[in-house]
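Observations on the model geometry
This is what each chain is made of:
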Amino acid sequence: EQEGVSDGLIITGFVSQGEAWDYVRQASVCVSPFAPNPILNSTSPTKLVEYLALGKAAVANDHPDQRKVIEESSGGLCVGYDVSEFADAVSYLLRRPEEAREMGRRGRRYVVEHRDYQKLGAMIERKYYEVVGVGGCHAANGGLGRAGQE
């Protein structure tokens, strides 16, 4: 209320996953803060990719995978892990709804083309076979679901 944003902000506390997705679908812009931690630099936070899959523009902080996804998809803005930077980026997108919608479209397209679980699974399987030095039928046939069909 003090900042004048209470009419456009909902603070829910814990909700079911289904209810959470309903809120995301209603949102104009989604945020994906991921606390900086060197141990977690090799992780891939799923929240950002899920927002993009739903066609939402996103604001994410500078975590290696989040930065990569934002840069490759052009589906949002990447900022420092700082409240003011997040607020400025969200405000920027809210003042430019068509730009935010276009970011959402680009983000969705990126997820379909690059972060689809089927494609990721096949890529990981090929890498495993490559690392262990096994070519065989599995890798040659594109992997996934081909076991036992040699």
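For the structure itself, consult the block above.
Let us look at the structure shown here. (Residues numbered from 1 in each chain as written. Predicted model: local features only at pLDDT ≥ 70, side-chain atom pairs only at ≥ 80, totals over all residues. Heavy atoms only, no water.)

Brief notes about helix 5 (residues 97-115)
Going by this rule: The helix and strand labels rest on DSSP assignments: H or I over at least four residues marks a helix, E over at least two residues marks a strand, and numbering proceeds from the N terminus. By this rule the span expected of a helix is its residue count minus one, scaled by 1.5 Å. Exposure is judged per residue with a 1.4 Å probe applied to protein chains only, and the accessible area is read against the type maximum: over 50% gives exposed, under 20% gives buried, and values in between give partly exposed. Read the arc as the range of directions from the helix axis to the C-beta atoms. The contact definition used throughout considers only heavy atoms, calling two residues in contact when any of these lie within 4.5 Å.
Compared with the 27 Å implied by 1.5 Å per residue over 19 residues, the 25 Å span of helix 5 between its first and last C-alpha is a close match. Looking only at helix 5, the buried set comprises A100, M103, G104, G107, Y110, V111 and R115. The arc that holds the buried residues of helix 5, viewed along the axis, is 130°, so those residues lie on one side. Here the buried face of helix 5 lies against helix 2 (46-53), strand 2 (57-61), helix 3 (64-73), strand 3 (76-79), helix 4 (83-94) and helix 6 (117-132).

Focus on the pairing of strand 1 (residues 29-32)
To keep it simple, the criterion reads: Here a strand pair is declared whenever DSSP counts at least two bridges between the two strands. By convention, orient the strands away from the viewer: a clockwise path from the first strand over the helix to the second makes the crossover right-handed.
Two strands pair when backbone bridges link them, and strand 1 and strand 2 are joined in this way by four bridges, in the parallel orientation. Paired with C30 across the strands is A58, a residue of strand 2. Remark: the strand 1/helix 2/strand 2 crossover connection has right-handed handedness.

Structural notes on the layout of surface pockets
Here is the rule we go by: Note on definitions: the grid is 1 Å and covers protein atoms alone; a cavity is a set of points where a 1.4 Å probe fits but cannot get out; a pocket is an open set with protein on both sides within 12 Å along at least five of seven lines; lining residues have an atom within 4 Å of a point. Grid points are joined across faces, edges and corners, and a volume is the space filled by probe spheres set on the points. Amino acids outside the nonpolar list (Ala, Val, Leu, Ile, Met, Phe, Trp, Tyr, Cys, Pro) and the charged list (Asp, Glu, Lys, Arg) are all regarded as polar, and Gly is one of them.
Of the pockets and cavities examined, the largest pocket occupies roughly 1,400 Å³. In terms of lining residues, the largest pocket is bounded by 34 residues, among which L9, I10, A27, V29 and V31 are the most central. Elements represented by at least two residues in the lining of the largest pocket include exactly helix 1 (17-26), strand 1, helix 2 and helix 4. Of the residues in the lining of the largest pocket, the class split is 21 nonpolar, eight polar and five charged. Each pocket or cavity is described by its volume, and for the second largest pocket that value is around 240 Å³. Of all the elements in the fold, those that place two or more residues in the lining of the second largest pocket are helix 2, helix 5 and helix 6. Across the lining of the second largest pocket, the residue classes tally to seven nonpolar, two polar and four charged.

Here's the deal with the pattern of salt bridges
We count it as follows: Put simply, a salt bridge is a Lys or Arg side-chain nitrogen that is within 4 Å of an Asp or Glu carboxyl oxygen.
A full pass over the atoms with the stated rule returns nine salt bridges. Across the pair R105 and E98 runs a salt bridge whose closest N-O atoms are separated by 2.8 Å. Overlapping salt bridges, with partners in common, bring together E98, R101, E102, R105 and R106 in one network.

Section: the packing of helix 2 against helix 5
Put simply, the rule is: All axes here are fitted lines through C-alpha atoms, helices being fitted over the stretch that makes contact, and every angle between N-to-C directions spans 0 to 180 degrees. Put simply, angles under 35 degrees are roughly parallel, angles over 145 are roughly antiparallel, angles from 65 to 115 are roughly perpendicular, and the rest are oblique.
Their axes nearest at 7 Å, the elements helix 2 and helix 5 cross at an angle of 115°. As summarised for this structure, helix 2 and helix 5 are arranged roughly perpendicular, according to the angle between their axes. Taken together, the residues of helix 5 that come into contact with helix 2 (itself represented by V49, L52 and A53) are G104, G107, R108, V111 and R115. Of the residues in the contact of helix 2 with helix 5, the class split is four nonpolar, two polar and two charged.

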